[in-house]
Amino acid sequence: MRYRQLTTGTLALGVILLIDVLRVWLPGIITIFGQAASTPAELMGAFALGWFVLALGAPAVVRRIGARPVVVVAAVVLALARLALTAAPGGRTQLWLATAGLLAGLVWLIGVAADTDRPVPGLALGFAVNAALHAVWDTVDVVWWGTWVAWLFSSVVVLLFLLGTAQPVARAGDGGARAWLLAGPALLLAGMVALSPALARTGMSYLFAGNGVAGSPLFGLAPVPVAVAAFLFTASTRPPRGWGRVYGPVALLVGALLFALDRGDLLIPAVLLTAVGLGACLALTDDANRPNETAETEPTGPGSGTTSDVTSATAARRGYAVAIGMLVFALGAVGYYSAYDLGYPNAAVPVVVAGLIAVVAFTAQPVVQWLPGPFPPLRAAAAVTALALLAPVVADEVPVASNRDGPPERLTVVAYNIRMGFGLDGRLDLTGLTEVVERQRPDVVLLSEVDRAWLLNGGHDTLDVMADRLGMPYVFAPAADPVWGDAVLSRWPMDDARSLPLPAVGAPTGAQALGVTLDLSDGVRTAVVSTHLQPPPGQGPVVQARAVADFAIRYAAGRPLVVAGDMNTEPGDEAFEQFTAAGLVDALAAARPLATSPADDPREQIDHIFVSAGLTPSDPVAPRSTASDHLPVAVTVTLPPR
């Protein structure tokens with residue numbers, strides 16, 4: 001007998017809500033609870049892991065009072081927390097709402113596991129639908145919108161989830177622990193690689209440039225429907241027999257290895273292979289060979305606790321399996337992203353997690369009698385794929401730069417450290433970022449701390465969204481990895497993009513210098529270099545500043561030159577003087593002191609714009625805004641007479 005569609009659909013809706021909460025909670029660790037690069041990474045990691053460790057006590061609670069009361073209470077708390085987060089309150093309120101939602105989601109999942117021996121269809125459907133929606137929303141979830149559309153959508157999902165939870169549950173058999181164990185690791189790889197719309201678009205953007213940089217892509221979200229279809233179809237169909245079963249684990253491991261190589265040109269095959277492999281591995285753990293003949297005919301009521309034909313030990317085993325799996329998710333996420341603060345190699349993390357999934361899946365008992373899932377595989381995959389296909393149509397925009405009539409006399413330049421898109425209150429505030437930039441009416445925008453797919457930051461593509469809203473194409477260069485770095489956006493065509501990795505000199509986070517050439521028409525060309533210096537602990541970025549200045553002078557080759565970004569050095573410091581010693585002019589000097597950090601009480605002058613001697617700067621300003629922890633700096637430069 002097949003599981004009821006209602007049971008699977010409710011599990012999928014709960015997974016969608018839990019992922020939504022995670023996309024708010026994870027960034028809150030480094031923007032509200034602590035501050036990246038200032039609060040010890042160990043402290044933030046302990047805060048993150050603590051809630052997953054606490055959830056390990058939930059199976060004992062389920063065993064004592066029954067699964068049903070735990071599921072109902074936890075579902076209500078999860079639903080209310082998710083709905084409250086739609087108000088995007090920011091600050092500590094947002095952090096604790098998300099924390100309550102996270103803990104409730106973990107407890108709910110553990111309670112559901114006690115009464116569910118075939119979770120793969122619901123988990124796979126939840127992962128796939130959430131990814132499709134994330135793509136359609138242009139990687140900015142409705143939880144951040146604050147509009148009536150967000151409230152309507154959130155309310156409908158929450159209502160359907162609660163209605164499904166209120167229904168009687170089907171009796172379960174004694175399997176499913178292996179599949180539940182993979183819920184957390186699968187969620188990690190799905191969010192980081194396989195079902196990440198932001199990563200897919202970033203991978204496409206590397207195909208539209210060269211020299212290790214990325215540019216505005218055509219149909220950047222096109223790989224998402226392919227990944228969603230491949231994942232959902234392989235997860236919901238019978239796996240091959242014999243050694244054919246190895247294709248899923250192999251594809252997963254190869255995809256994780258390609259991702260771990262940190263190369264932009266390998267991101268698309270990494271996404272697609274990981275999607276295929278992850279779905280196939282989940283299918284291998286689907287206990288479809290253990291039919292429960294009474295599953296459809298003898299449901300249990302809301303107060304019945306664990307089902308009569310499942311021992312409390314079996315229910316607890318599934319509960320502990322999902323709790324341990326989610327702890328693996330937390331360990332993997334913390335271990336991977338803490339490396340950018342602590343400086344240790346992290347490439348092994350996705351490979352190790354993929355290896356764990358592969359081993360658990362391949363060593364599962366082969367299917368003896370395959371039972372169809374609650375939804376026909378082809379129809380389910382086609383329906384979710386159709387949803388994902390909306391993304392390239394409604395969410396993909398391609399700003400086009402075009403020459404105006406004749407070369408301009410002036411260029412307005414804005415440099416902004418955007419803190420991965422998060423404001424001082426911990427809210428994702430791409431609207432605030434674009435508004436403060438637009439008020440300067442810029443011709444060129446240089447961005448630092450650009451995040452394009454980090455799961456830790458919610459899996460957003462901040463660069464592409466800002467470029468669409470500003471109507472300016474971009475060139476992006478990786479610093480820490482292929483999805484975190486610096487960018488230049490311009491109303492004028494850009495070419496000859498080059499990136500120079502900067503010496504680390506003990507700093508854990510990578511740094512680079514990105515050079516682009518603006519084609520201002522009629523043979524007039526101007527060089528622009530964007531950078532974000534990362535000083536070693538307790539020192540100034542002298543070595544990096546010298547490298548950037550040398551690169552910029554060579555790159556400009558006598559043309560007018562603008563160098564800007566978050567330099568992490570103040571006027572008069574040795575690192576600052578590396579630029580003036582190279583013959584560059586401080587374009588903000590007329591407005592000094594012009595403090596730019598922190599944004600709510602600026603005391604440090606660490607964001608700078610330098611120009612070559614032939615350019616005349618005017619109207620320097622650092623407009624006030626709390627959409628980032630830095631203020632943007634802007635200046636108008638007059639080009640040399642022709």
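Every value quoted in this text rests on a predicted model; they were computed, and no experiment measured them.

A look at the overall build of the protein
Argument step 1. When helices and strands are tallied, the protein shows 20 helices and 13 strands.
Argument step 2. Radius of gyration (C-alpha) of the protein: 26 Å, near the 26 Å computed for a compact globule of 642 residues.
Argument step 3. Its C-alpha atoms give the protein principal-axis dimensions of about 85 × 45 × 45 Å.
Argument step 4. In the protein, buried positions account for 62% of the 642 residues.
Argument step 5. Side chains of the protein give 38 positive and 49 negative charges; the mean places of these two sets differ by 9 Å.

A closer look at the sheet that holds strand E10 (residues 585-586)
Argument step 1. Across the sheet, six strands lie side by side as E6-E7-E8-E9-E11-E10; this open sheet has mixed pairing. Each edge of the sheet is formed by a strand with only one pairing partner; in this case those strands are strand E6 (494-501) and E10.
Argument step 2. Summarising the sheet, strand E9 (residues 561-566) and strand E11 (residues 607-611) pair through five bridges and their orientation is antiparallel. Residue Ala-564 lies in a different strand from E11, and its bridge partner there is Ile-609.
Argument step 3. Sheet strands touched by helix H20 (residues 574-581): E9, E10 and E11. Its angle to E11, the strand with the most contacts, is close to 15 degrees.

Notes on the sheet that holds strand E13 (residues 633-638)
Argument step 1. If you trace the seven strands from one edge of the open sheet to the other, you get E1-E4-E5-E3-E2-E13-E12, paired in mixed fashion. This sheet does not close on itself; its edge strands, each paired only once, are strand E1 (214-215) and strand E12 (616-621).
Argument step 2. With two bridges joining them, E1 and strand E4 (residues 474-481) adopt antiparallel strand pairing. Counted as the bridge partner of Ala-214 is Phe-476 from E4.

Re the pattern of salt bridges
Argument step 1. Tallying each qualifying case throughout the model produces 15 salt bridges.
Argument step 2. Asp-20 is the salt-bridge partner of Arg-82, the closest N and O atoms lying 3.2 Å from each other. In this pair, Arg-82 sits in helix H4 (residues 67-85) while Asp-20 sits in helix H1 (residues 5-33), placing the two residues 62 residues apart along the sequence.
Argument step 3. Here Asp-286 makes a salt bridge to Arg-118, at a shortest N to O gap of 2.8 Å. Residue Asp-286 is located in the loop between helix H13 (267-284) and helix H14 (312-342), and its partner Arg-118 is located in the loop between helix H5 (91-114) and helix H6 (120-136); the two are separated by 168 residues in the primary sequence.
Argument step 4. A relative accessible area of 3% places Asp-286 in the buried class.
Argument step 5. Among the residues examined, Arg-118 registers a relative accessible area of 8% and is labelled buried.
Argument step 6. Through salt bridges that share partners, Asp-138, Arg-201, Asp-396, Arg-452, Asp-461 and Asp-464 make up one connected network.

Details of the environment of Arg-592
Argument step 1. Summarising the element assignment, Arg-592 is placed in the loop between E10 and E11.
Argument step 2. Not counting residues within four places of it along the chain, the set of residues in contact with Arg-592 comprises Pro-571, Phe-576, Asp-586, Gln-605, Asp-607 and His-608.

Re the pairing of E13
Every regular strand shows the same layout, with side chains that alternate between the two sheet faces.
Argument step 1. In terms of burial, E13 is largely enclosed, as five of its six residues are buried.
Argument step 2. Of the pairings in the sheet, the one linking strand E2 (residues 410-417) to E13 comprises six bridges and is antiparallel in character. Residue pairing across strands places Ala-415 opposite Val-633, the latter belonging to E13.
Argument step 3. Relative to E13, E12 runs antiparallel, the two being bridged by four bridges. Within E13, the residue paired with Val-621 across the bridge is Ala-634.

Comments concerning the layout of surface pockets
Argument step 1. Taken as a whole, the second largest pocket spans an internal volume of roughly 310 Å³.
Argument step 2. What lines the second largest pocket is a set of 15 residues, and nearest its centre among them are Val-140, Trp-144, Trp-145, Thr-431 and Arg-469.
Argument step 3. Every element with two or more residues in the lining of the second largest pocket is listed here: helix H17 (430-438) and helix H18 (462-470).
Argument step 4. Among the elements that line the lining of the second largest pocket, the one with the most residues is H18, at three residues.
Argument step 5. Looking at side-chain class alone, the lining of the second largest pocket contains eight nonpolar, one polar and six charged residues.

Thresholds applied
Residues numbered from 1 in each chain as written. Predicted model: local features only at pLDDT ≥ 70, side-chain atom pairs only at ≥ 80, totals over all residues. Heavy atoms only, no water. Helix = DSSP H or I, 4+ residues; strand = E, 2+ residues; numbered from the N terminus. Rg over C-alpha atoms; globule rule 2.2 N^0.38 Å. Buried < 20%, exposed > 50% of the residue type's maximum accessible area, 1.4 Å probe, protein only. Lys, Arg positive; Asp, Glu negative; His and termini not counted. Charge placed at Lys NZ, Arg CZ, Asp CG, Glu CD. Pairing = 2+ DSSP bridges. Contact = heavy atoms within 4.5 Å. Axes fitted to C-alpha atoms, helices over the stretch in contact; angles between N-to-C directions. Salt bridge = Lys/Arg side-chain N within 4 Å of Asp/Glu carboxyl O. 1 Å grid on protein atoms, 1.4 Å probe; cavity = no way out; pocket = protein on both sides within 12 Å on 5 of 7 lines; lining within 4 Å. Points joined across faces, edges and corners; volume = space filled by probe spheres on them. Nonpolar A, V, L, I, M, F, W, Y, C, P; charged D, E, K, R; others polar.

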